[in-house]
Amino acid sequence: MFLETEDKLRQTVWEVVHRTPIFDIHTHIYDARFGDLLLWGIDEVLTYHYLVAEVFRYDPMDQQHFYEHLDYQKFYAMPKRKQADLIWAKVFLEHSPVSEAARGVLTTLGLLGMDPRDRNLNLYREYFEAKTAEEHINTVFHVANIEGVIMTNDPFDDKERPVWESGQVGDKRFHAALRLDGLLNNWGEAHTILKSWGYNVKDKLDKTTVAEVNRFLNEWIDRMDPLYMAVSLPPTFDAFDKSDRAKLIHKCILPVSRDRHRPFAMMIGVKKLTNPGLAVAGDSVGKATIEVVERLCLENQKNKFLVTMLSRENQHELCIAARKFNNLLPFGCWWYLNDPMTIDEMTRMRLELLGLSFIPQHSDARVLDQLLYKWAHSRWLIALVLQDKYSDLHRTGWRVTETEIERDVSYLFGGAFKHFLGA
Ligand code: FIX
Ligand code: ZN
């Protein structure tokens with residue numbers, strides 16, 4: 001039955017967006033078999049690297065507050081609980097927590113049934129201390145209405161690798177992504193590590209080395225069953241220069257990606273450690289070159305590319321590139337774009353240029369609890385944009401049914417990705 005009035009239409013869009021399960025295609029969380037690699041709880045939420053960068057904006061060198069002169073080393077040497085105390089004091093109590101990352105902490109507390117008005121950090125800590133990781137995973141997935149997540153899985157991570165090698169069976173809601181920064185962005189070190197693992201590789205990417213890298217990739221695909229292979233790349237990324245990275249992409253990643261039907265996800269535009277002292281909080285952003293993406297898609301039409309770009313200035317041209325190449329699927333409002341202003345702008349742009357053939361969001365959650373706020377905020381924003389887009393349709397005389405809205409929203413929230421995989 002068609003939704004005849006605009007009010008009913010907008011209300012239905014709002015409800016459907018808020019009740020449709022999400023398949024979150026990029027996160028940094030882990031299922032419980034990975035132990036303390038899975039971060040959760042209020043102290044992890046407060047010491048999220050977004051908030052670490054922000055606490056240094058409110059210079060804790062203010063002696064009136066008896067904080068010792070804090071520098072990056074001193075901060076990171078503090079116990080996480082103390083780091084969280086400092087962030088809570090500076091970012092939440094001494095200044096209103098209006099930033100997206102700060103507001104997200106309060107949304108998270110509220111969705112877990114705590115009252116942000118208490119402002120009592122130790123009371124919040126008691127809530128988490130009473131839970132196990134498995135219980136909390138179930139709570140968060142239920143409250144956030146998450147169908148599944150894709151992790152970021154790095155064979156070069158010494159803590160993570162043994163879990164995969166143990167063959168333990170994981171939580172079916174957690175899917176793997178084979179992350180290749182260690183291989184592609186530092187071949188000088190990677191080839192010595194691969195050699196120590198028994199792969200017959202050398203620095204020069206000769207035939208044997210290429211074959212051995214492909215063996216490495218296939219063995220990890222067999223072990224992880226990743227839904228895609230991914231890498232983060234600098235703004236200067238060029239897949240056609242003479243670099244080891246370019247050669248590895250063309251000789252190894254693209255052939256294996258095609259043969260094993262695992263898309264290649266390129267996350268482009270991150271300037272690593274612009275401020276090294278901030279460590280994981282120290283990465284910045286730069287505008288990348290869309291022609292590299294366009295040429296890869298043109299010259300590898302049997303390959304599938306998932307692409308997200310970190311610079312706001314790259315977004316419109318990424319949409320246009322996606323209009324030219326159906327083997328290119330843009331995804332998410334990544335990192336510094338995961339804010340109301342840019343989520344709104346990018347989602348409108350993508351709907352107007354790509355219809356529903358894109359992935360509007362991923363959470364990038366590093367802490368389990370962040371699934372709650374990142375998706376609550378994004379559902380709200382995506383619903384507002386979709387209300388306007390369906391209203392625009394309504395004004396043409398076109399009418400939609402609730403079932404069609406459900407179909408469209410579940411396509412955006414996981415269907416487009418699964419369709420792209422050929423699932
Ligand atoms: O490369 C990535 O997967 C980035 O998302 C992370 O490195 C980044 O620190 C992050 O978590 C951004 O939200
Ligand atoms: Zn990420």
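Let me begin by describing the structure that accompanies this report. Just so it is clear, the model here is predicted, and its values are computed rather than measured. (Residues numbered from 1 in each chain as written. Chains lettered and ligands numbered in written order. Predicted model: local features only at pLDDT ≥ 70, side-chain atom pairs only at ≥ 80, totals over all residues. Heavy atoms only, no water.)

1. Points about the overall build of the chain
(1) Moving on: Each helix and strand in the chain was counted, giving 18 helices and 10 strands.
(2) Moving on: Taken against the 2.2 N^0.38 rule, which gives 22 Å for 423 residues, the C-alpha radius of gyration of the chain at 22 Å falls within 12% of a compact globule.
(3) Moving on: Based on the C-alpha atoms only, the size of the chain along its principal axes is roughly 65 × 65 × 40 Å.
(4) Moving on: Counting only residues that meet the buried cut, the chain has 54% of its 423 residues in that class.
(5) Moving on: Long-range pairs, those at least 24 residues apart, make up 77% of the contacts in the chain between residues at least 6 apart in sequence.
(6) Moving on: Only carbon and sulfur atoms are counted for the fraction: they give 53% of the accessible area of the chain, which is about 18400 Å².
(7) Moving on: One way to put it: in the chain the 52 positive side-chain charges average out to a point 5 Å from where the 60 negative ones average out. (Helix = DSSP H or I, 4+ residues; strand = E, 2+ residues; numbered from the N terminus. Rg over C-alpha atoms; globule rule 2.2 N^0.38 Å. Buried < 20%, exposed > 50% of the residue type's maximum accessible area, 1.4 Å probe, protein only. Contact = heavy atoms within 4.5 Å. Areas by Shrake-Rupley, 256 points an atom, 1.4 Å probe, with all protein chains shown as cover. Lys, Arg positive; Asp, Glu negative; His and termini not counted. Charge placed at Lys NZ, Arg CZ, Asp CG, Glu CD.)

2. Some points on the packing of aromatic side chains
(1) Moving on: With the rule as written, the count across this model stands at 20 aromatic pairs.
(2) Moving on: Each ring, one from tryptophan 88 and one from phenylalanine 92, has its centre 4.8 Å from the other, and the planes form 20°; the classification is stacked. With a gap of four residues between them, tryptophan 88 and phenylalanine 92 both fall in helix H5 (residues 80–93), about one helical turn apart.
(3) Moving on: According to the relative accessible area criterion, tryptophan 88 is buried, its value standing at 6%.
(4) Moving on: Aromatic side chains phenylalanine 141 and phenylalanine 174 sit 5.3 Å apart centroid to centroid with 35° between the ring planes, which places their arrangement in the tilted category. Here phenylalanine 174 lies in strand E3 (residues 174–175) and phenylalanine 141 lies in helix H8 (residues 133–144), a separation of 33 residues in the sequence.
(5) Moving on: Through a chain of ring-to-ring contacts, the aromatic side chains of Phe56, Tyr72, Phe75 and Tyr76 assemble into a single cluster.
(6) Moving on: Positioned above the aromatic ring of phenylalanine 141, the side-chain terminus of arginine 173 is 5.0 Å from the ring centre.
(7) Moving on: In this structure, lysine 418 packs its charged tip against the face of phenylalanine 23, placed 5.0 Å from the ring centre. (Phe/Tyr/Trp six-rings, centres within 6.5 Å; stacked < 30°, edge-to-face > 60°. Lys NZ or Arg CZ within 6 Å of the ring centre and 35° of its normal.)

3. Considerations on the sheet that holds strand E9 (residues 305–309)
(1) Moving on: Taken in spatial order, the five strands of this open sheet run E4-E5-E6-E9-E10, and their pairing is parallel. Looking at the sheet topology across the chains shown, the edges are occupied by strand E4 (178–179) and strand E10 (328–330).
(2) Moving on: The pairing of E4 with strand E5 (residues 229–233) spans two bridges and is classified as parallel. By the bridge assignment, arginine 179 is partnered in E5 with alanine 230.
(3) Moving on: Together, E9 and E10 form the strand contacts of helix H15 (residues 315–324), whose direction differs from that of E10 by roughly 145°. (Pairing = 2+ DSSP bridges. Axes fitted to C-alpha atoms, helices over the stretch in contact; angles between N-to-C directions.)

4. Looking at the coordination of the zinc ion (ligand 2)
(1) Moving on: Every protein donor of the zinc ion (ligand 2) is listed here as His26 (NE2), His28 (NE2) and Asp364 (OD), and their distances to the metal cover 2.0 to 2.1 Å.
(2) Moving on: Between the donor residues of the zinc ion (ligand 2), the gaps in sequence give the motif H-x1-H-x335-D. Placement of histidine 26 in the loop between strand E1 (22–24) and helix H2 (42–46) and of aspartate 364 in the loop between helix H16 (340–354) and helix H17 (370–395) is noted, with a sequence separation of 338 residues between them.
(3) Moving on: On the basis of relative accessible area, aspartate 364 is assigned to the buried category, the value being 7%. (Donors = N, O, S within 2.8 Å, 3.2 Å for Na, K, Ca; no water.)

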